[in-house]
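Observations on the model geometry
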Amino acid sequence: MTLSELAKRLDCRLEGDGALDITGVAGLEQAKPGDLTFFSNAKYAAALAATRASAVIASDDVPKPSCAVLRSPHPYLAFAKAVEILAPQVRPGPGVHPLASIADGVTLGDGVSIGPFVAVAEGASIGARTIVYPHVTIGRGAVIGDDCVVHARASIREQVRIGRRVILQDGVVVGSDGYGFARRPDGTHHKIPQTGGVVIEDDVEIGANSTIDRPAVGETRIGPGAKLDNLVHIAHGVQIGRDVLLAAQVGIAGSTVVEDGVIMGGQAGVVGHITIGRGAVLAAQSGVTNSVDAGTFVTGYPAIPNREWLKASTVFKKLPELRKTVADLERRIEELEAALARRPMP
């Protein structure tokens, strides 16, 4: 594809030779002639100056490099679309593999692709053009919408409802039992049946080996456009809002509400029965023990506003020295008090 053709498809402004043939995409340092790359972070300026790419996607404020440029106000997004054009993913053809097990009463939409060793239980429904890769298990009465992709070894339990254009990466478990037990008088624990539902709304992506639990009653819900990274755990009854971003190993305890647009860094942990307000940001490894107001940026354990945490963190390395100083001051005060006590009264 010529660079000028690609510029039109990406809605970018071309600076340079539009007749260049673009055959692939690559990072700044790995790119070679024929490749398209992108630049969106100033700390990679040296890599941009040295790149061998034929063209780069960049914003208007980036000085022109030695190669051709496709100007975009959103270079990372434009590059993502370029990857879709230049390196499209191979989709399996429609049809049900002979080694798949499809129970009676299953509904399959037009163009569905079912791989080998897939098991679909009675009453389940799979929407049009959805791809189900090998070794996936789909439970009784589960509903999967149109244009979804369910990767290998995912487990979609009974009565789970999944919307359209949802992507489940390898090993995802949706609808596993929530963690609920009632203590008996003798100290042992009686399992509480987890009979509630799980709803995954449209345009959600759930990363590899993540788990979404069902509650005893009610439902666990992941809102439209939410993106969950690998190894994320969503406990029973949690409500995740629209366009929420959860990085790897985030854990959210039961019945917590995460409002629209929240971002949680890797390994952030949230206790149950609280609310994370709209647009809040939780830094990586934050431990959240109380509700967080909308738009707040919190850090640390227990999580506090980020600016306060930054001020406190500068003191951490000085604590041994401060401890010694305090001990010295206490000793000197004791000596002064002892000396005063020995002084005769006038």
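Look a little higher up for the structure.
Below, the structure is looked at part by part.

Definitions and cut-offs
Residues numbered from 1 in each chain as written. Predicted model: local features only at pLDDT ≥ 70, side-chain atom pairs only at ≥ 80, totals over all residues. Heavy atoms only, no water. Helix = DSSP H or I, 4+ residues; strand = E, 2+ residues; numbered from the N terminus. Rg over C-alpha atoms; globule rule 2.2 N^0.38 Å. Buried < 20%, exposed > 50% of the residue type's maximum accessible area, 1.4 Å probe, protein only. Contact = heavy atoms within 4.5 Å. Areas by Shrake-Rupley, 256 points an atom, 1.4 Å probe, with all protein chains shown as cover. Pairing = 2+ DSSP bridges. Phe/Tyr/Trp six-rings, centres within 6.5 Å; stacked < 30°, edge-to-face > 60°. Salt bridge = Lys/Arg side-chain N within 4 Å of Asp/Glu carboxyl O. Patch = residues over 30% accessible without salt bridge, like charges linked within 9 Å, V, L, I, M, F, W, Y side chains within 5 Å. Axes fitted to C-alpha atoms, helices over the stretch in contact; angles between N-to-C directions. Parallel < 35°, antiparallel > 145°, perpendicular 65-115°, else oblique. Left-handed = near helix turned anticlockwise from the far one by under 90°.

Re the overall build of the chain
- What the chain contains, in helices and strands, is five helices and 38 strands.
- Against the 2.2 N^0.38 benchmark of 20 Å for 346 residues, the chain shows a C-alpha radius of gyration of 28 Å, more extended than a compact globule.
- Overall, the C-alpha framework of the chain stretches about 105 × 70 × 30 Å when taken along its three principal axes.
- In the chain, which comprises 346 residues, the share counted as buried stands at 39%.
- Residue pairs in contact within the chain that sit at least 24 positions apart in sequence constitute 17% of those at least 6 positions apart.
- Element-wise, carbon and sulfur atoms account for 55% of the exposed surface of the chain, whose accessible area totals about 18,800 Å².

Side note on the sheet that holds strand β37 (residues 297–299)
- Ordered in space as β6-β9-β12-β15-β18-β23-β26-β29-β32-β35-β37-β38, the 12 strands form an open sheet in which the pairing is mixed. Among the strands making up the open sheet, the edge pair consists of β6 (95–96) and β38 (304–305).
- Here strand β12 (residues 131–132) runs beside strand β15 (residues 149–150); their pairing, made up of two bridges, is parallel. The residue bridging V132 from the neighbouring strand is V150, located in β15.

Things to note about the packing of aromatic side chains
- Counted by the stated rule, this structure contains three aromatic pairs.
- Ring geometry for F38 and Y76: centres 5.2 Å apart, planes at 20 degrees, overall stacked. Note that F38 is positioned in strand β3 (residues 35–38) and Y76 in helix α3 (residues 75–86), a separation of 38 residues in sequence.

Details of the pattern of salt bridges
- Under the definition given, this model contains 17 salt bridges.
- Salt-bridge contacts for R129 lead to D147; the nearest nitrogen and oxygen are separated by 2.7 Å. With R129 in the loop between β11 (125–126) and β12 and D147 in the loop between β14 (143–144) and β15, the pair connects residues that are 18 residues apart, well separated along the chain.
- Under the relative-accessibility criterion, R129 is labelled partly exposed at 40%.
- A salt bridge links D203 to R165; the nearest nitrogen and oxygen atoms lie 2.6 Å apart. Residue D203 is found in the loop between β22 (197–200) and β23 (205–206), and its partner R165 is found in the loop between β17 (161–162) and β18 (167–168); the two are separated by 38 residues along the sequence.
- Note on D203: relative accessible area 28%, which makes it partly exposed.
- Under the relative-accessibility criterion, R165 is labelled partly exposed at 36%.
- Through salt bridges with shared partners, a single ionic network connects R157, E158, D177, K191 and R214.

Examining the side chain of T130
- Here T130 is to be found in the loop between β11 and β12.
- Given the relative accessible area of 0%, T130 is considered buried.
- Leaving out residues up to four positions away in the same chain, T130 has contacts with G111, V112, S113, I144, G145, D146, D147 and C148.

Regarding a nonpolar patch on the surface
- Where nonpolar side chains cluster on the molecular surface, the patch consists of V315, F316, L319 and L322 and spans about 340 Å² of accessible area.
- Broken down by secondary-structure element, the contributors of at least two residues to the nonpolar patch are α4 (306–316) and α5 (319–342).
- The topology assignment puts F316 in helix α4.

Considering the sheet that holds β3
- Strand order in the open sheet formed by five strands is β1-β5-β4-β3-β2, with mixed pairing between adjacent strands. What marks the edges here is a single partner per strand, and that holds for β1 (13–15) and β2 (24–25).
- As judged from the four bridges shared by strand β4 (residues 55–58) and strand β5 (residues 68–71), these two strands associate in the parallel manner. Each bridged residue has a counterpart across the sheet, and for A58 the counterpart in β5 is R71.
- Packing of α3 onto the sheet brings it into contact with β2, β3 and β4, and relative to β3 it is tilted by some 155 degrees.

Quick notes on the packing of helix α1 (residues 3–10) against α3
- Between α1 and α3, whose axes approach to 10 Å, the crossing angle comes to 120 degrees. Taken as axis vectors, α1 and α3 run oblique relative to one another. Crossing handedness for the pair α1 and α3: right-handed. Taking contact as the criterion, the partners of L6, R9 and L10 in α1 are, on α3, A78, K81, A82, I85 and L86.

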